[in-house]
Amino acid sequence: MADAPLPPPEPGSAADVVRTWDARADHYLRLFRHELDGKPLDREALHAFAGRVGEGGRVYDAGCGPCGHVTALLAERGLDVLGIDVSPRCVELAGREQPGCRFTVMDQRETAGERLDGLVSYYSLHDQPKSGLPATLASWAAAVRPGGQLLLVAKEGTGDGVIDDPLGSDLRVYWAEFTEDELRAAAETAAFRVDACTVREAYEGEIPTRRIHLAATRDGARCPGE
């Protein structure tokens, strides 16, 4: 008797993120390989983050995706940066795109125990339920040393559930959006001090949703969750 087929992974779980990103990584790469070329405010935020960390600082690009372009930009600014992604296909493609950079398969929600000078999350929170935000930020705070830097970029909104892929693939994917207040509160609860939080309008050709850029410093006076 043949084995019964396995049930699909729970939407928003690590297994589901692997499934959906392995399936659409090539499509995403074709769309966004050079996206930073037309996003001056994003480049400015990344350059400012690199300046705050300082040359040689150890940094993770959490959810690096198949382009690896954020990892490459930070490396060009002198940081010791590792691009991490839960999708093996994304890591494979990023390594091909940016052969001078380092990438590895890792769940961004399981970074606690590292010793980092900073962490960048460039649109990496949208694949998980909003209920998982506090635990993810707590893991990042446990990985970043006191005084270390966080740059978080996310799409503004209230969505939180499975939808047709906004990137135009034929998949159904988990999609979460955040408000400025939600991101501020989660960062502060996780022992980050919010230094700046700005919101920009979508550029032409982007998904028509405003973008939130949050810059924060790991608070040395508190442990995550205090």
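Residues numbered from 1 in each chain as written. Predicted model: local features only at pLDDT ≥ 70, side-chain atom pairs only at ≥ 80, totals over all residues. Heavy atoms only, no water.

## Examining the state of the cysteines
- Counting across every chain of the model gives zero disulfides.
- The thiol of Cys64 is not disulfide-bonded; the next cysteine sulfur, from Cys90, is found 7.0 Å away.
- Assessed through its relative accessible area of 7%, Cys64 is described here as buried.
- Here Cys101 stays free of any disulfide, with the sulfur of Cys64 as its closest cysteine sulfur at 10.0 Å. (Disulfide = S-S within 2.5 Å. Buried < 20%, exposed > 50% of the residue type's maximum accessible area, 1.4 Å probe, protein only.)

## Considerations on the packing of aromatic side chains
- Counting across every chain of the model gives three aromatic pairs.
- Ring centres of Trp21 and Tyr28 lie 5.0 Å apart, and the angle between their planes is 75 degrees; this geometry places the pair in the edge-to-face category.
- For the ring pair Tyr122 and Tyr123, a centre distance of 4.7 Å and an interplane angle of 65 degrees mean the geometry is edge-to-face.
- For Tyr123, a relative accessible area of 13% gives the class buried.
- A connected cluster of aromatic rings, assembled from ring pairs, spans Trp21, Tyr28 and Phe32.
- If you follow Arg24 out to its NZ or CZ, it ends over the ring of Trp21, 4.1 Å from the centre.
- Above the ring of Tyr123, the side-chain terminus of Lys155 is found at 4.0 Å from the ring centroid. (Phe/Tyr/Trp six-rings, centres within 6.5 Å; stacked < 30°, edge-to-face > 60°. Lys NZ or Arg CZ within 6 Å of the ring centre and 35° of its normal.)

## Brief notes about the layout of surface pockets
- Counted as a void, the largest pocket has a volume near 590 Å³.
- Taken together, 39 residues make up the lining of the largest pocket; nearest its centre are Trp21, Tyr28, Tyr122, Tyr123 and Asp127.
- Elements with a contribution of two residues or more to the lining of the largest pocket: α1 (14–32), α3 (69–76) and β2 (80–85).
- For the lining of the largest pocket, the element with the most residues is α1, which contributes six residues.
- The calculated volume of the second largest pocket comes to roughly 240 Å³.
- In terms of lining, the second largest pocket is formed by 14 residues, of which the most central are Leu41, Glu44, Ala45, Thr198 and His213. (1 Å grid on protein atoms, 1.4 Å probe; cavity = no way out; pocket = protein on both sides within 12 Å on 5 of 7 lines; lining within 4 Å. Points joined across faces, edges and corners; volume = space filled by probe spheres on them. Helix = DSSP H or I, 4+ residues; strand = E, 2+ residues; numbered from the N terminus.)

## Points about the pairing of strand β4 (residues 116–122)
- Within β4, seven of the seven residues are buried, which leaves it mostly tucked inside the rest of the structure.
- Of the pairings in the sheet, the one linking strand β1 (residues 58–62) to β4 comprises four bridges and is parallel in character. Note on β4: the bridge partner recorded for Asp61 is Val120.
- Pairing analysis gives six bridges linking β4 to strand β5 (residues 144–155), with the strands arranged parallel. Counted as the bridge partner of Ser121 is Leu152 from β5.
- After leaving β4, the chain enters helix α5 (residues 133–143) and then returns to the sheet as β5, a path that is right-handed. (Pairing = 2+ DSSP bridges. Right-handed = clockwise from strand over helix to strand, strands pointing away.)

## Topic: the sheet that holds β5
- Spatially, β3-β2-β1-β4-β5-β9-β8 is the arrangement adopted by the seven strands of the open sheet, whose pairing is mixed. Each edge of the open sheet carries a strand with a single partner, namely β3 (102–105) and β8 (192–200). When strand polarity is set aside, the average angle formed by the axes of neighbouring strands in this sheet is 15 degrees.
- Packing against the sheet, α3 makes contact with β1, β2, β3 and β4, and its axis sits at approximately 170 degrees to β2.
- Sheet strands in contact with helix α4 (residues 88–97) are β2 and β3, and its direction is about 170 degrees off that of β3. (Axes fitted to C-alpha atoms, helices over the stretch in contact; angles between N-to-C directions. Contact = heavy atoms within 4.5 Å.)

## A look at the pattern of salt bridges
- Under the counting rule described, the total for this entry stands at 22 salt bridges.
- Arg96 is the salt-bridge partner of Glu92, the closest N and O atoms lying 2.6 Å from each other. Residue Glu92 and its partner Arg96 are both found in helix α4; the two are separated by four residues, about one turn of the helix.
- Under the relative-accessibility criterion, Glu92 is labelled partly exposed at 37%.
- Note on Arg96: relative accessible area 54%, which makes it exposed.
- Taking the shortest distance from any N to any O, the salt bridge between Glu180 and Arg184 comes out at 3.3 Å. On the criterion of helical spacing, the pair formed by Glu180 and Arg184 is a turn pair, its members being four residues apart in helix α6 (residues 180–189).
- Taking relative accessible area as the criterion, Glu180 reaches 25% and is therefore assigned partly exposed.
- Overlapping salt bridges, with partners in common, bring together Glu35, Lys39, Asp42, Arg200, Glu206 and Arg211 in one network. (Salt bridge = Lys/Arg side-chain N within 4 Å of Asp/Glu carboxyl O.)

All quantities given are derived from atomic positions and should not be read as evidence of function.
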